[in-house]
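Single-letter residue listing:
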Amino acid sequence: MAVTLDQSISQKQQSWMAQVLGSQTFWVLIAVILACIFLSFATDSFATTKNLYNITRNVTFVAIIALGMTLVIITGGIDLSVGSVLCLCSMVLAVVMHAGYGIEVGIAAAIGTALVIGAFNGILIAYLDFPPFVVTLGMLSIARSLAMVASNNTVVFQFGPDHDKLLALGGGAWFFGIANPVLYMIVLALLTGFVLRWTRFGRYVFAIGGNEHAATLTGVPVRKIKVAVYMISALSAGIAGIIQTGWLGAVTTNIGAGMELQVIAAAVIGGANLAGGVGTAFGAIIGAALIEVIRNSLGLLGINAFWQGTFIGSAIVLAVLFDRIRNFRLSE
Amino acid sequence: MAVLELANISKHFGAIQAVNDVSFSLEAGQVVGLMGDNGAGKSTLVKMIAGNFRPSHGSMRLEGAELVMHRPVEARQHGIEIVHQDLALCNNLTAAANVFLGRELRRGFGPLRVLDYKAMYKRAGEIFRDLKSETRPRDLVRQMSGGQRQAVAIARTMLSEAKIVLMDEPTAAISVRQVAEVLNLIRQLRDRGIAVVLISHRMPDVFTVADRVIVMRRGHKVADKPIALSSPEEVTGLITGAIEQV
């Protein structure tokens, strides 16, 4: 039977099912689920309310930043400064509240700090054509140093009049016993997912990662979008910092150290492509979840903690390996 | 009446005279082949029509009205569309997303406006049907053939009522079989009453599809005649300078 032009135009190349099966995120999700099932049977302590509460909460800090990082990675950039920005924002919050200001002022100051840093990164990258690696590497150093300056390198654990509010914000569980940070993560993930799929901004983020030159030629405001993306990344680090401060109840100048690598790992495991153009909010969460499950399970199974890096590193390589195999098959 | 009239256009960059005193006009529904060696000035000429450069001297008139542009986006507002040589496509997006890039359709009110996928797929599908191209709006551009990619880039020019479409080497990087497909796309544009400027190095393409040929050499226009009254040999001679001027 002859296929008419109309029919072939209305066809879709891949079915919905094929797309799901072809996505890296799906296979990582399967890995997380299998690992959880295995651990529930292999150990007595995994499937307990307390452990699950801990895991879900521990995931959130990396996951929230991974959401912002995913946007940056989709545009083809990278943000190495998030760990230090988390530290600086936590410290700004702590110092401001310690000085006797309310929680609103503290949070506003922390968020403001994050946005200024993000704008600084973004403007250097978008308008002055700095490589993102260099700018954010510089900021990694600057932000942590500023955190030390702000606190004189001390530990802050008294947060003034609104001390209890802050601790409840990060450490409480206001809704069906789910840790508050988890709720924030879910809301932010839904928001990020919505923005990426349904807004013009999200579309432009993908377009810039796919072909920045093409985006410029077709009238996409490439520079503004890039600045916004780095501001969102820093903002996500700031939000994670505020929540983590409330959870820990203390801020030191080494929180968030090395976190940028975990965050990037989470995004990449979840399917974001460092070459740009590919990534999802759901993937960022799943990637962070896999890392945390690996970490948690090693402890529960009594495996020496020194092995942690090996397992997480292997997860990164394996996740991307699936993607490579798929690409090889496509190119054949 | 001519759609676009160029009168004594010149462009120099410092001491370099890229385009020198060129005049011609474009008619609706006519395909003009613009030929010339590298550095002959055809790109500079086209970039002035596309709003990338402003002419140093001379004037352009669009449908009789003076045309002065400061930025490339203004060209689009005037109904002048460009198909870039590299097509300016994002491989990671669907055909429809590429067609509407920078001009996305949205639904909703005020700040709560979301992308209207359905309308964009539908409109893109209609354009591909008009172009008689077997291109699926929902497919990623990454997986497309050279001819389909051209169709996506050309479909962009049909979103608004374009008067003039400038095409920069549309057949340079694709297979022979796909060339025929692209030449058909050009005929579709012409039949819709659009003036097409086809910049090409490929003599057979120009002689197959163009109604008129303009030859540039060292910034000067050395020929401007109906394709029926010329020949590939003559055009080659004009490009290389073996024939001074006709």
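Residues numbered from 1 in each chain as written. Chains lettered and ligands numbered in written order. Predicted model: local features only at pLDDT ≥ 70, side-chain atom pairs only at ≥ 80, totals over all residues.

### Observations concerning the overall build of chain A
Put simply, the rule is: Put simply, DSSP H or I for four residues or longer makes a helix, DSSP E for two residues or longer makes a strand, and each gets a number counted from the N terminus. This radius of gyration counts C-alpha atoms alone. The globule rule is 2.2 Å times how many residues there are, raised to the power 0.38. Our contact criterion uses C-beta atoms placed from the backbone: two residues qualify when those atoms are within 7 Å.
Counting its regular elements, chain A contains 15 helices and zero strands. Against the 2.2 N^0.38 benchmark of 20 Å for 332 residues, chain A shows a C-alpha radius of gyration of 21 Å, consistent with a compact globule. The principal-axis extents of the C-alpha atoms in chain A amount to approximately 80 × 55 × 35 Å. In chain A, of all internal contacts separated by at least 6 residues, the share reaching a separation of at least 24 is 78%.

### Things to note about the overall build of chain B
Basically, it comes down to this: For every residue, the other C-beta atoms within 10 Å of its own C-beta are counted; 20 or more classify it as buried, 12 or fewer as exposed, and values in between as partly exposed. C-beta atoms are placed from the backbone.
A tally of regular secondary structure across chain B gives eight helices and 12 strands. For 246 residues, the compact-globule estimate of 2.2 N^0.38 gives 18 Å, and the C-alpha radius of gyration of chain B, at 19 Å, lies within 12% of that figure. The C-alpha extent of chain B, read off along each of the three principal axes, is 60 × 40 × 35 Å. Across the 246 residues that make up chain B, the buried fraction comes to 47%. A separation threshold of at least 6 residues defines the contact pool for chain B, and within that pool the share at least 24 residues apart is 65%.

### A closer look at the interface of chain A and chain B
Stated formally: For this scheme, ten residues count as nonpolar: Ala, Val, Leu, Ile, Met, Phe, Trp, Tyr, Cys and Pro. Four count as charged, namely Asp, Glu, Lys and Arg, and the remainder, Gly too, count as polar.
With 26 residues of chain A in contact, the opposing surface of chain B contributes 25 residues. Examining the composition of the side of chain A that touches chain B, we find that six residues originate from one element, helix H10 (residues 200-210) of chain A, more than from any other. Partitioning the side of chain A that touches chain B into residue classes produces 10 nonpolar, 12 polar and four charged.

### Overview of the sheet that holds strand E4 (residues 57-62) of chain B
Residue and element names in this part refer to chain B. Basically, it comes down to this: Note: two strands are recorded as paired if DSSP finds a minimum of 2 bridges between them.
Here we have four strands laid out as an open sheet, ordered E2-E1-E4-E5, and antiparallel in their pairing. Among the strands making up the open sheet, the edge pair consists of strand E2 (16-26) and strand E5 (65-66). Pairing analysis gives five bridges linking strand E1 (residues 4-13) to E4, with the strands arranged antiparallel. When the sheet's bridge partners are listed, Leu 6 is paired in E4 with Met 60.

### Comments concerning the UniProt feature "transmembrane region" (unreviewed entry) in chain A
Residues and elements named next belong to chain A. Which entries qualify depends on this criterion: UniProt positions are given in the numbering used here, feature names are shortened, and annotations may be inferred rather than shown by experiment.
Here the UniProt-annotated "transmembrane region" (unreviewed entry) positions come out as residues 25-43, 55-74, 80-100, 107-127, 167-196, 227-251, 263-291 and 297-322. Between the C-alpha atoms that bound residues 55-74 there is a distance of 27 Å. The span itself is 100% helix and 0% strand. Segment residues 80-100 splits into 81% helix and 0% strand. End C-alpha atoms: 32 Å apart.

### Thoughts on the sheet that holds strand E3 (residues 31-36) of chain B
Residues and elements named next belong to chain B. Keep this limit in mind: Note on method: axes are straight lines fitted to C-alpha atoms, helices fitted across the in-contact stretch only, with angles between N-to-C directions ranging 0 to 180 degrees.
Across the sheet, six strands lie side by side as E6-E9-E10-E3-E11-E12; this open sheet has mixed pairing. Of all the strands in the sheet, just strand E6 (80-83) and strand E12 (220-226) have a single pairing partner and so form its edges. Within the sheet, the average angular offset between the axes of one strand and its neighbour, ignoring direction, is 20 degrees. Its contacts with the sheet place helix H5 (residues 146-157) against E6 and strand E9 (164-168), and it is angled at close to 170 degrees to E6. Packed on one face of the sheet, helix H6 (residues 176-191) meets E3, E9 and strand E10 (195-199) and runs near 150 degrees to E10.

### Considerations on the pairing of strand E11 (residues 212-217) of chain B
All names here are of chain B. Buried residues dominate E11, accounting for six of its six residues. Residue alternation in E11 divides its side chains into two sets, Arg 212, Ile 214 and Met 216 and Val 213, Val 215 and Arg 217, and both sets are buried. Bridge analysis of E3 against E11 gives five bridges, and the strand direction is parallel. Each bridged residue has a counterpart across the sheet, and for Met 35 the counterpart in E11 is Val 215. Pairing geometry for E11 and E12, over six bridges, is antiparallel. Paired with Arg 217 across the strands is His 220, a residue of E12. Between the antiparallel neighbours E11 and E12 lie two residues, among them Arg 218 with a positive phi of about 50 degrees.

### Some words on the environment of Gly 271 of chain A
All names here are of chain A. Looking at where Gly 271 falls in the secondary structure, it is placed in the loop between helix H13 (259-269) and helix H14 (281-300). What makes Gly 271 buried here is the crowd of 25 C-beta atoms within 10 Å. Among residues more than four places away in sequence, those in contact with Gly 271 are Ser 23, Gln 24, Thr 25, Val 278, Gly 279, Thr 280 and Gly 283.

### Digging into unusual backbone geometry
Residue and element names in this part refer to chain A. For Asp 129, which is not a glycine, the phi torsion comes out positive at approximately 55 degrees. By the element assignment, Asp 129 lies in the loop between helix H6 (103-126) and helix H7 (132-151). Since 8 C-beta atoms lie within 10 Å of it, Asp 129 is described here as exposed. The residue Asn 153 is not glycine, and still its phi comes out positive at about 55 degrees. With respect to the element layout, Asn 153 can be found in the loop between H7 and helix H8 (163-171).

### Digging into the confidence of the model for chain B
Residue and element names in this part refer to chain B. What counts is decided by this rule: The score called pLDDT rates the predictor's confidence residue by residue, from a low of 0 to a high of 100.
Of the residues in chain B, 99% have a pLDDT of 70 or more, and the chain-wide mean is 89. Averaged over each element, pLDDT in chain B is lowest for helix H2 (residues 72-77) (84) and highest for helix H3 (residues 95-99) (94). Our summary of model confidence lists the complex with pTM equal to 0.88 and ipTM equal to 0.84.

### Examining the packing of helix H5 (residues 82-98) of chain A against H6 of chain A
Residues and elements named next belong to chain A. Keep this limit in mind: For classification purposes, angles smaller than 35 degrees are called roughly parallel, those larger than 145 roughly antiparallel, those between 65 and 115 roughly perpendicular, and all remaining angles oblique. Here a crossing is called left-handed whenever its near helix is offset anticlockwise from the far helix by less than a right angle, and right-handed whenever the offset is clockwise.
Between H5 and H6, whose axes approach to 8 Å, the crossing angle comes to 150 degrees. Comparing their axes, H6 and H5 come out roughly antiparallel. Our pair here, H5 against H6, has a crossing hand that is right-handed. Across the interface between the two elements, Val 85, Leu 88, Cys 89, Val 92, Leu 93, Val 96 and Met 97 of H5 pack against Ile 103, Val 105, Gly 106, Ile 107, Ala 109, Ala 110, Thr 113, Ala 114 and Ile 117 of H6.

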